[in-house]
Amino acid sequence: MVAGDLPSVTLALHVGEIVTLRGPSGIGKSRLLRAIADLEPARSGSVKLRDANLATMPAPKWRDRVRYLAAEPGWWAETPGPHFREISAVRTRLAALLLPENILERPIAELSTGERQRLALLRGMEGAPAVLLLDEPTSALDPAASDAVVDMLRIYAKRGGAVLLVTHNPQQAKLLGHRHFHLDQTGCHEISLDDMVAGVK
Ligand SMILES: Nc1ncnc2c1ncn2[C@@H]1O[C@H](COP(=O)(O)OP(=O)(O)OP(=O)(O)O)[C@@H](O)[C@H]1O
């Protein structure tokens, strides 16, 4: 597909797979993820999910199955609680992300960036979407919280979810990724684990 002025990209994501994506700042990684999630138009090409096609599926249904999580997601209510569909299920997952029990009732404005980032991940994972498109989901986290996110994503993938993960952190990409891609002006290229860790294009 070609989104906006981005390079042409061909990428297949398999069930249970975590694929990492890196590339220079501003090259269009976020826009690519947004285009896959039907949040901005692609200039050409197609996006498919099993037998379904982005072009023919109603956008809300597509976005429910192919979930995009921005690096800094927006919140519309004063506290996190109203953003979740099944609050009791969410409560049982807080500890796994090292979040305090009362966090769903606290004002969002008083939460740290890292707390909001982990809550956003829980939001994105509600209802077990088929695909998660994650834009630097641990950028604001300390190592312990980051490890907790990594563990949760591993479990999600093991249960059949697929993840496309933008990360600038080679160690995290190594820990999580089954395959690795580099996006630059010439397109989206699969790279080896060694090249990914070494920062080679
Ligand atoms: N809605 C938009 N309309 C037009 N241009 C946009 C829009 N959103 C982003 N851009 C531009 O498109 C380019 C790609 O942006 P994008 O956020 O996808 O980059 P990125 O690779 O994710 O960068 P980073 O690693 O810094 O997050 C940038 O030049 C950006 O300014």
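Calculation criteria
- Counting restarts for each chain, with residues numbered from 1 along the sequence as it is written.
- Under the rules for a predicted model, residues below a pLDDT of 70 receive no local features and side-chain atom pairs below 80 are neither given nor counted, while totals for whole chains, interfaces and linings still include all residues.
- Secondary structure is summarised from DSSP: a helix means a run of H or I of at least four residues, a strand means a run of E of at least two, and numbering begins at the N terminus for each.
- What the globule rule says is 2.2 Å times the number of residues to the power 0.38, and the radius of gyration is computed from C-alpha atoms.
- Field definition: a residue is buried when 20 or more other C-beta atoms are found within 10 Å of its C-beta, exposed when 12 or fewer are, and partly exposed for counts in between, with C-beta atoms placed from the backbone.
- In this description, a residue-residue contact is defined by the distance between C-beta atoms placed from the backbone, which must lie within 7 Å.
- Here, a strand pair is defined by DSSP locating no fewer than two bridges between the strands.
- Helix axes use the C-alpha atoms of the stretch in contact, all axes being lines fitted to C-alpha atoms, and the angles between their N-to-C directions lie in the range 0 to 180 degrees.
- Just so you know how the angles are binned, under 35 degrees is roughly parallel, over 145 roughly antiparallel, 65 to 115 roughly perpendicular, and the rest oblique.
- Values of pLDDT, ranging from 0 to 100, describe the predictor's confidence in every residue of the model.
- A set of buried Ala, Val, Leu, Ile, Met, Phe, Trp, Tyr and Cys residues, joined through C-beta atoms within 7 Å, is what we mean by a nonpolar core.
- A helix's residues, less one, multiplied by 1.5 Å, set its expected span.

## Quick look at the overall build of the chain
Part 1 of the reasoning: A count of helical and extended segments in the chain gives seven helices and 10 strands.
Part 2 of the reasoning: The C-alpha radius of gyration computed for the chain amounts to 17 Å, which stays within 12% of the reference 17 Å derived for 201 residues, consistent with globular compactness.
Part 3 of the reasoning: Once the C-alpha set of the chain is aligned to its principal axes, its extents read approximately 45 × 40 × 30 Å.
Part 4 of the reasoning: Here the chain, with 201 residues, has 34% of them falling under the buried criterion.
Part 5 of the reasoning: Sequence separation of at least 24 residues holds for 73% of the intrachain contacts in the chain that already meet a minimum separation of 6.

## What to know about the pairing of strand 2 (residues 18-22)
Part 1 of the reasoning: With respect to burial, strand 2 is a largely interior element, five of its five residues being buried.
Part 2 of the reasoning: Residues Ile18, Thr20 and Arg22 line one face of strand 2 and the alternating positions Val19 and Leu21 line the opposite face, and both faces are buried.
Part 3 of the reasoning: With four bridges joining them, strand 2 and strand 8 (residues 162-166) adopt parallel strand pairing. Of the residues in strand 8, the one forming a bridge with Leu21 is Val166.
Part 4 of the reasoning: When strand 2 meets strand 9 (residues 179-184), the two strands line up parallel, connected through four bridges. Following the sheet pairing, Thr20 is matched in strand 9 by His180.

## Overview of the packing of helix 4 (residues 113-125) against helix 5 (residues 143-158)
Part 1 of the reasoning: Two elements in contact, helix 4 and helix 5, have axes separated by 11 Å at closest approach and are oriented at 5°. With respect to helix 5, the element helix 4 is oriented roughly parallel. Of helix 5, the residues touching helix 4 (which contributes Gly114, Arg118, Leu121 and Met125) are Ala145, Val149 and Tyr156.

## Focus on the sheet that holds strand 7 (residues 131-135)
Part 1 of the reasoning: Reading across from one edge, 6-7-8-2-9-10 is the order of the six strands in this open sheet, with mixed pairing throughout. Of all strands in the sheet, those with a lone pairing partner are strand 6 (66-69) and strand 10 (187-191), marking the two edges. Pairs of neighbouring strands in the sheet enclose a mean axial angle of 20°, with direction left out of account.
Part 2 of the reasoning: In this structure, strand 7 lies alongside strand 8, joined through five bridges in parallel fashion. When the bridges of strand 8 are listed, Val131 appears paired with Ala162.
Part 3 of the reasoning: This element, helix 4, spans strand 6 and strand 7 of the sheet and lies at about 170° to strand 6.

## A few points about the confidence of the model for the chain
Part 1 of the reasoning: Looking at the chain, pLDDT values average 91 and 97% of them are 70 or higher.
Part 2 of the reasoning: Interface confidence for the predicted complex, given as ipTM, is 0.91, next to a pTM of 0.91.

## Some details on the nonpolar core
Generally speaking, nonpolar side chains in soluble globular proteins are found buried as a group.
Part 1 of the reasoning: Judged by nonpolar contacts, the single largest core of 44 residues is most densely connected at Val19, Leu33, Ile36, Leu133, Val163, Leu164 and Leu165.
Part 2 of the reasoning: Sorting elements by how many residues they give to this core places strand 8 first, with five residues.

## A short note on the environment of Met125
Part 1 of the reasoning: Mapping Met125 onto the fold places it in helix 4.
Part 2 of the reasoning: Spatially, the C-alpha atom of Met125 lies 21 Å from that of Arg179, the residues being 54 residues apart in sequence.
Part 3 of the reasoning: Not counting the four nearest positions on each side in its chain, Met125 is found in contact with Leu132 and Tyr156.

## Considering the pairing of strand 9
The side chains of a regular strand alternate between the sheet's two faces.
Part 1 of the reasoning: Where strand 9 lies against strand 10, five bridges are found, and the strand directions are antiparallel. By the bridge assignment for strand 10, His180 is matched with Ile191.
Part 2 of the reasoning: From the end of strand 9 to the start of strand 10, which pair antiparallel, there are two residues.

## Topic: helix 5
The periodicity of an α-helix, 3.6 residues per turn, causes residues three or four positions apart to be oriented the same way.
Part 1 of the reasoning: Helix length check: helix 5, at 16 residues, gives a terminal C-alpha distance of 22 Å against a target of 22 Å (1.5 Å per residue), a fit within 8%.
Part 2 of the reasoning: Buried residues along helix 5 sit in contact with strand 2, helix 4, strand 7, strand 8 and helix 6 (170-176).
Part 3 of the reasoning: Directly beyond the C-terminal end of helix 5, a positive phi value near 110° is found at Gly160.

## A word on unusual backbone geometry
Part 1 of the reasoning: Unlike most non-glycine residues, Leu98 shows phi in positive territory, near 60°.
Part 2 of the reasoning: If you trace the backbone, Leu98 turns up in the loop between helix 3 (87-94) and helix 4.
Part 3 of the reasoning: Within the chain, Glu136 stands out as a residue other than glycine whose phi angle is a positive 45°.
Part 4 of the reasoning: Relative to the assigned elements, Glu136 resides in the loop between strand 7 and helix 5.
Part 5 of the reasoning: For Glu136, a count of 19 C-beta atoms within 10 Å translates into the label partly exposed.

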